[in-house]
Amino acid sequence: MTQTPSARFLIVGPQGSGKGTQGVLVAEAFGVPQVATGDIFRENVKGGTELGKRVQAIIEAGDLVPDELTSELVRDRLEQEDAARGFLLDGYPRNRGQVDDLEAFLSGRGESLDAVIELVVPREESITRLRQRAIDQGRTDDTEEVIANRLAIYERETAPILDVYREKDVVVRIDGVGTLDEVTERIFAALATRGLEPNGSDAHGRSAGAA
Ligand code: ADP
């Protein structure tokens, strides 16, 4: 059997861009774990763990958990066996400090990100979707005030990290407006142009077992 190529991805987009949903689809297709820091924090809050107690107030205000804590959490997760061949990061790194932490960790292992998926969604569209999510899911950080804070942090701290990855030429920019399926298709098509195709495809893009 040939060595399966690595699939190390990061998905970046504003709150309400659909990155959680799309991220899961990409991770599943490539057979790698999705690592979503927001989900991990929320599970810990729900479970009343020590970590959960430390981060609850921060999350409810829509502020960022300290970099040191977040980066350590992610490193621990990426050191697990199932992430050896790849992973899809969602929600981390979220600022320059976290980019530096991640890059130091990966380069120490001789690794780097294969693609950074940028989901582009206009601010008004994000806000509309988040208002709907507040109704559907009742997330405690989906109140108007907290949404505004999270979007402001995104624009100020998270969007600029894309410049770092653009310099490394790993960013695939995807229009995030459209149906879920349309956006998914755009993502897979863009990854394919970079030779990144889900398991079962060989280097020539043929599916294993396909005639
Ligand atoms: P969203 O992207 O919609 O704000 P997430 O589920 O990604 O939602 O994150 C929820 C909250 O978890 C954030 O508002 C923040 O408080 C915390 N959080 C998640 N990821 C990070 C991170 N990389 N650094 C710091 N805090 C984080």
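Residues numbered from 1 in each chain as written. Predicted model: local features only at pLDDT ≥ 70, side-chain atom pairs only at ≥ 80, totals over all residues. Heavy atoms only, no water.

## Some words on the UniProt feature "binding site: AMP" (unreviewed entry) in the protein chain
Moving on, step 1. Mapped onto this numbering, the UniProt entry gives "binding site: AMP" (unreviewed entry) at Thr 37, Arg 42, Asp 63, Leu 64, Val 65, Gly 91, Tyr 92, Pro 93, Arg 94, Gln 98, Arg 139 and Arg 150. A maximum C-alpha distance of 24.9 Å among these annotated residues, which run over 114 residues, shows that they spread across the structure rather than meeting at one spot.
Moving on, step 2. Since its relative accessible area comes to 3%, Thr 37 is described here as buried.
Moving on, step 3. Leaving out residues up to four positions away in the same chain, Thr 37 has contacts with Thr 70, Val 74, Asp 90, Gly 91, Tyr 92 and Arg 94.
Moving on, step 4. Within the fold, Arg 42 resides in helix H2 (residues 37-47).
Moving on, step 5. Judged by its relative accessible area of 28%, Arg 42 falls in the partly exposed class.
Moving on, step 6. Ignoring any residue separated from it by four or fewer positions in sequence, one finds Arg 42 in contact with Arg 139 and Asp 141. (UniProt positions renumbered as here; feature names shortened; annotations may be inferred. Buried < 20%, exposed > 50% of the residue type's maximum accessible area, 1.4 Å probe, protein only. Contact = heavy atoms within 4.5 Å. Helix = DSSP H or I, 4+ residues; strand = E, 2+ residues; numbered from the N terminus.)

## Description of the site of the ligand
Moving on, step 1. With respect to spatial proximity, 19 residues lie near the ligand, and among them Thr 37, Asp 63, Gly 91, Gln 98 and Arg 150 are the closest.
Moving on, step 2. At 2.5 Å from an oxygen atom of the ligand is found a main-chain nitrogen or oxygen belonging to Asp 63.
Moving on, step 3. Gly 91 has a polar backbone atom sitting 2.7 Å from a nitrogen atom of the ligand.
Moving on, step 4. Per-element tally for the shell around the ligand: the top contributor is H2, with 4 residues.
Moving on, step 5. The residue inventory of the shell around the ligand, partitioned by class, reads 5 nonpolar, 6 polar and 8 charged. (Near = heavy atom within 4 Å. Polar contact = N/O pair within 3.5 Å; in protein donor to acceptor, adjacent residues only side chain to side chain. Nonpolar A, V, L, I, M, F, W, Y, C, P; charged D, E, K, R; others polar.)

## Description of the environment of Arg 109
Moving on, step 1. Relative to the helices and strands, Arg 109 is located in the loop between helix H5 (96-108) and strand E4 (115-120).
Moving on, step 2. With relative accessibility at 32%, the residue Arg 109 sits in the partly exposed group.
Moving on, step 3. For the pair formed by Arg 109 and Val 65, sequence separation is 44 residues and the distance between their alpha carbons is 25 Å.

## Observations regarding the nonpolar core
Moving on, step 1. Ranked by internal contacts, the top residues of the largest apolar core, which has 30 residues, are Leu 78, Leu 89, Leu 102, Leu 113, Val 116 and Tyr 165.
Moving on, step 2. Counting 18 residues, the second largest nonpolar core, distinct from the first, contains Val 26, Leu 88, Ala 115 and Ala 190. (Core = buried A, V, L, I, M, F, W, Y, C linked by side-chain atoms within 4.5 Å.)

## What to know about the confidence of the model for the protein chain
Moving on, step 1. The predicted model of the protein chain has a mean per-residue pLDDT of 92, with 92% of residues at 70 or higher.
Moving on, step 2. Every residue in residues 202-211 is under pLDDT 50, and counting partners more than four places away or in other chains gives 7 contacts. (pLDDT = per-residue confidence, 0-100.)

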